[in-house]
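# Structural features, examined
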Amino acid sequence: MNTNNTEPLVNNNENLTIALAGNANVGKSVIFNELTGSNQIIGNWPGKTIERAEGKLHFEGQDIRVIDLPGIYSFSTYSLEEIVSREYIAFEKPDVVINVVDAAVLERNLFFTLQLLEMEVPLVICVNQVDIAKQKGIIIDTEKLEAALGVPVVATIAIRGEGLHELVEIATKIAHVKPKPSIIEYGGEVENRIKIICQRIKSLNLELGYPSRWVAIKLLENDPEIKKIVEAQAPDLIRLAYRYAGEIEKIHEEPFFAVMAAERYALANRIAFGAQLQSELKPSLSERLDMIVTHRVWGYVVSALVIGGLLFWTFVIGTNLSNLLSDVFSFFTPVDPQVAGPLVSIIWNGALGGLIAGITLVIPFVIPFYIMLSLIENSGILTRVAFMLDSAMHSIGLHGKALIPLILGYGCNVPAIDQTRILETRRERLLASYAITFAPCAARTIVILGLVAIYVSVWWAIALYAIDLLVIFVLGRVALKAVPGETTGLIMEMHSFKTPSLSVALKQTWTRTKTLIIFVFPIYILGSAVMQGLYAFGVLTPVNAILAPITVFWLGLPVITGVLFIFMIVRKEFTLLVLVAIFGTHLAGVLTPIQFIILALVGMLYTPCLSVLTKLAVDFNWRTSITIGVANFITAIVIGGVMYRIINPFF
Amino acid sequence: MSSIEKSTPKKITPSIQEYLETIYKLSHNGERVKTTKISKNLEISPGSVTQMIKKLEELGYVNYSQYKGVKLTKTGLKEAKKVTRKHRLLERFLRDILKLKDNIIHEQACEMEHSLSDEAERAMCQVLEHPDKCPGESLIPACDFPFKSCEECMTHRSEEVSEVGKRNENLIPIMELKKNQEGKISFIRGDYKVIRRLLDMGITIGAMINVIKVAPLSGPVEVAIRGSKLAIGRDIACNVFVEIEE
């Protein structure tokens with residue numbers, strides 16, 4: 001069978017597709033942002049909870065689609081990211097795949113490159129971050145690398161845009177020419193068996209969608225997905241592959257997949273060393289920084305400063321920005337909820353209120369948070385924080401890497417839950433997501449600041465954060481008991497420190513905020529309108545009476561706060577907003593200091609807002625989402641009541 | 001039984017084993033141990049301890065200096081690890097399989113460790129699915145069979161210990177490597193699921209690995225492997241074993 005016939009001839013001049021593939025943290029997203037600018041659609045892979053980033057690039061009269069595949073190390077552990085990536089490459093057949101590799105750690109990156117070569121896609125290698133490699137004394141000879149791999153190689157410094165023009169130029173050329181993919185052979189006894197199975201697949205004319213040689217390798221590696229596909233058409237092949245794999249296992253005393261991994265790494269090592277000139281390794285600035293950042297004492301100080309600094313920066317900038325925006329908006333329209341008059345007017349007012357609240361209360365906190373987070377993330381310091389705090393995270397059944405989504409939760413829980421995909425198992429994603437629902441997001445921060453910091457004292461606001469950390473820790477332990485299982489150990493690449501780029505951070509912030517606006521604002525507006533309608537028609541008044549045993553008796557709050565407990569599920573800021581709507585800004589006359597503290601505490605721990613519940617339902621299922629919602633409700637009420645009784649004597 | 005005798009030519013008495021086990025337990029990462037510490041731990045008078053230590057030195061198990069203390073030799077370390085391994089495996093066996101109460105398993109294991117054959121040790125490890133920690137959370141040393149993985153041991157389960165042979169070098173978990181000490185990955189304990197993840201990150205049998213830093217508070221280790229740096233959690237680092245080339 002002639003494999004060339006299977007190539008699609010559809011994509012000629014218009015609409016070329018480029019896919020970016022590579023390990024995590026090699027600058028793939030930077031390249032994606034540089035190429036596509038703001039022309040991006042962030043969605044999900046069909047049927048999967050993995051983010052799919054697609055963008056458009058206009059290059060020398062051509063429209064090019066750019067797909068940013070998830071950052072992965074291999075095609076073999078069957079994580080969702082890996083399956084999404086390999087199915088995309090095999091079935092959607094991008095015109096060219098750009099494999100982004102980190103120049104400083106070439107060997108590790110080439111391990112994945114070899115697997116891309118096995119997939120026989122038109123490939124271009126982008127050796128990125130050559131500047132950082134140079135600082136370490138590593139220089140890559142792109143010509144030698146090109147000769148060894150048989151595909152074009154372009155050196156880039158993506159963060160400064162260097163080499164990207166050439167990269168796209170060569171990529172489009174390759175996309176048009178679609179040269180016969182080069183095949184890199186493995187060791188004799190392995191290669192012979194791959195060849196025989198490959199020949200059999202070709203002679204049988206199987207409809208597999210994947211290249212024959214790749215299928216042969218995967219069959220030998222005992223890949224369950226591929227076995228399933230082949231089983232239906234040629235069960236004999238499975239048996240043959242099984243026998244061959246057994247023979248290799250006899251020779252090497254290791255399972256075939258381990259032999260294959262060793263083969264690939266041996267080859268990657270040979271190619272990397274053939275193509276890199278390494279002058280004497282000098283202790284780079286990065287390594288000297290590492291001495292402090294992972295120091296047994298200073299490491300923790302730095303970790304605390306990073307997380308604390310991020311939150312402090314968010315509060316300071318956020319509060320100022322929020323005040324500024326509120327002033328601007330109060331010019332146009334009153335933010336006071338309208339609770340009487342014609343229905344349309346009330347609903348319209350509610351919708352507008354929701355929109356304005358979103359703009360004046362959430363955006364000012366979320367944007368500065370994300371800018372700083374991106375800077376911190378891109379500098380590489382977060383990996384060190386994860387390294388230092390790994391053992392602490394273990395006590396709640398997670399490893400150090402889970403810290404990254406958890407910190408993200410302080411901005412908004414929704415993207416944070418999304419980010420839990422960096423964890424290995426569903427169980428860990430669930431545990432992390434649960435912990436995240438207690439991370440006081442920007443909206444909850446507003447409530448804490450708006451109620452406690454202003455009307456009671458800053459120290460009580462800080463105390464609430466401390467209580468929150470304690471709650472995350474204790475409930476994390478409880479959840480661990482409820483969802484038993486083994487905790488996956490940490491394996492994380494420690495990248496060198498990089499000087500973060502502000503423009504990259506701004507672009508990332510924009511992408512993140514955009515998703516938030518698309519996902520959350522409709523709920524804000526709709527929920528706000530509906531709630532206001534219900535409230536105006538007195539539907540919610542009985543709620544106060546029903547909830548009185550909880551609010552008045554157990555929590556010591558005024559009876560009017562009952563309705564807040566409904567509003568809080570829609571949006572946390574409503575806690576503040578509704579109070580102001582009903583009482584005006586003279587809240588000090590209505591609530592006592594204890595009531596402020598208890599209300600903020602309950603709000604902080606309460607059932608997460610609708611957007612988070614929806615996100616949980618999408619990523620897990622509704623049952624999980626509702627369970628977490630109910631668990632948080634109970635937690636908030638119990639802790640609120642206990643706290644009320646503890647602090648009451650002090651006031 | 002004769003085959004086992006062959007693989008351990010020197011006759012080791014239970015009391016020697018007990019001493020080696022104690023020295024191993026008391027020395028962190030191969031540091032020297034003071035005889036007073038040993039005497040306290042075994043509840044034997046310092047005089048008798050010194051006498052026994054001298055005997056151990058004659059047999060080639062330890063190096064002894066009056067002022068610096070005792071240090072296990074390569075052979076001594078091997079024997080110490082073997083008996084420690086048997087002890088900790090037995091503890092797991094008594095607790096997990098026989099469901100004995102925690103308060104008796106230690107003493108029971110102490111008695112049984114000296115008579116446990118290598119064959120029984122291997123079978124016990126297989127039944128317990130290659131445990132890495134004893135009930136007291138101490139690490140169970142790796143076995144001294146020349147396998148690269150537990151899976152390999154399982155596929156060869158029909159072969160007897162004498163056919164399987166012995167590993168010459170001592171296996172050290174990367175967790176116990178000293179800073180900047182380099183070793184060759186020679187054995188990975190655990191099931192395929194863990195091993196697959198390790199393989200993808202370049203932690204393969206035969207690769208050279210170097211410890212850069214150990215995080216405090218039983219945190220992870222940072223290692224250099226294949227030209228890049230990885231943070232490896234303690235639970236994994238306890239199960240990746242290296243041989244150190246001298």
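Residues numbered from 1 in each chain as written. Chains lettered and ligands numbered in written order. Predicted model: local features only at pLDDT ≥ 70, side-chain atom pairs only at ≥ 80, totals over all residues.

### Focus on unusual backbone geometry
Our working definition: Only DSSP runs of H or I with at least four residues qualify as helices, and only runs of E with at least two residues qualify as strands; both kinds are numbered from the N terminus onward. Every C-beta atom is placed from the backbone, and the number of other C-beta atoms within 10 Å of a residue's own sets its class: buried at 20 or more, exposed at 12 or fewer, partly exposed in between.
Of note, the phi angle at Glu-120 of chain A is positive, near 55°, even though the residue is not glycine. Position of Glu-120 of chain A relative to the elements: it lies in the loop between helix 3 (106-118) and strand 6 (123-128). On the basis of neighbour counts, which here come to 19 C-beta atoms within 10 Å, the residue Glu-120 of chain A falls in the partly exposed class. Phi at Leu-217 of chain B takes a positive value of approximately 55°, unusual for a residue other than glycine.

### Things to note about the nonpolar core
Note the following rule: Defined on buried residues, the nonpolar core groups Ala, Val, Leu, Ile, Met, Phe, Trp, Tyr and Cys residues joined through C-beta atoms within 7 Å.
If you look at the biggest cluster of nonpolar residues, it comprises 234 residues, and the most contacted ones within it are Leu-20, Val-452 and Ala-600 of chain A. The element that contributes the greatest number of residues to this core is helix 14 (residues 343-379) of chain A, accounting for 15 residues. If you look at the next biggest cluster of nonpolar residues, it comprises 18 residues, including Ile-16, Val-33, Ile-38 and Met-52 of chain B.

### What about the interface of chain A and chain B?
The test is simple: Note on contacts: residues are paired as contacts if their backbone-placed C-beta atoms lie within 7 Å. Think of it this way: DSSP has to see at least two bridges between two strands before they count as a pair.
Contacts between the two partners involve 33 residues from chain A, matched on the other side by 33 residues from chain B. Tallying contributions element by element places helix 11 (residues 256-275) of chain A first for the side of chain A that touches chain B, with seven residues. Pairing between strand 10 (residues 491-493) of chain A and strand 7 (residues 228-232) of chain B: three bridges, direction antiparallel. Among the inter-strand pairings, Glu-493 of chain A is bridged to a residue of strand 7 of chain B, identified as Leu-230 of chain B.

### Observations concerning the domain arrangement of chain B
All names here are of chain B. Quick reminder of the rule: What marks off one domain from the next here is an automatic or database domain assignment.
What the domain assignment reports for chain B is domain 1 (1-167) and domain 2 (172-243). Summarising the inter-unit geometry, the C-alpha centres of domain 1 and domain 2 are found 23 Å apart. Every contact between the two is made by ten residues of domain 1 and, on the other side, 13 residues of domain 2.

### So, the sheet that holds strand 7 of chain B
Strand order in the open sheet formed by seven strands is 10(A)-7(B)-6(B)-5(B)-4(B)-8(B)-3(B), with antiparallel pairing between adjacent strands. If you trace the sheet from one side to the other, it starts and ends with strand 10 of chain A together with strand 3 (172-173) of chain B, each paired once. Where strand 4 (residues 182-188) of chain B meets strand 5 (residues 208-214) of chain B, three bridges bridge the pair, whose relative direction is antiparallel. For Lys-184 of chain B, the partnering residue across the bridge sits in strand 5 of chain B and is Met-208 of chain B.

### Brief notes about helix 19 (residues 426-436) of chain A
Residues and elements named next belong to chain A. Most of helix 19 is tucked away: nine of the eleven residues are buried. The complete set of buried residues in helix 19 reads Glu-428, Arg-429, Leu-430, Leu-431, Ala-432, Ser-433, Tyr-434, Ala-435 and Ile-436. For helix 19, the secondary structure elements touched by its buried residues are helix 17 (403-408), helix 18 (413-419), helix 21 (458-482), helix 27 (610-619) and helix 28 (622-647).

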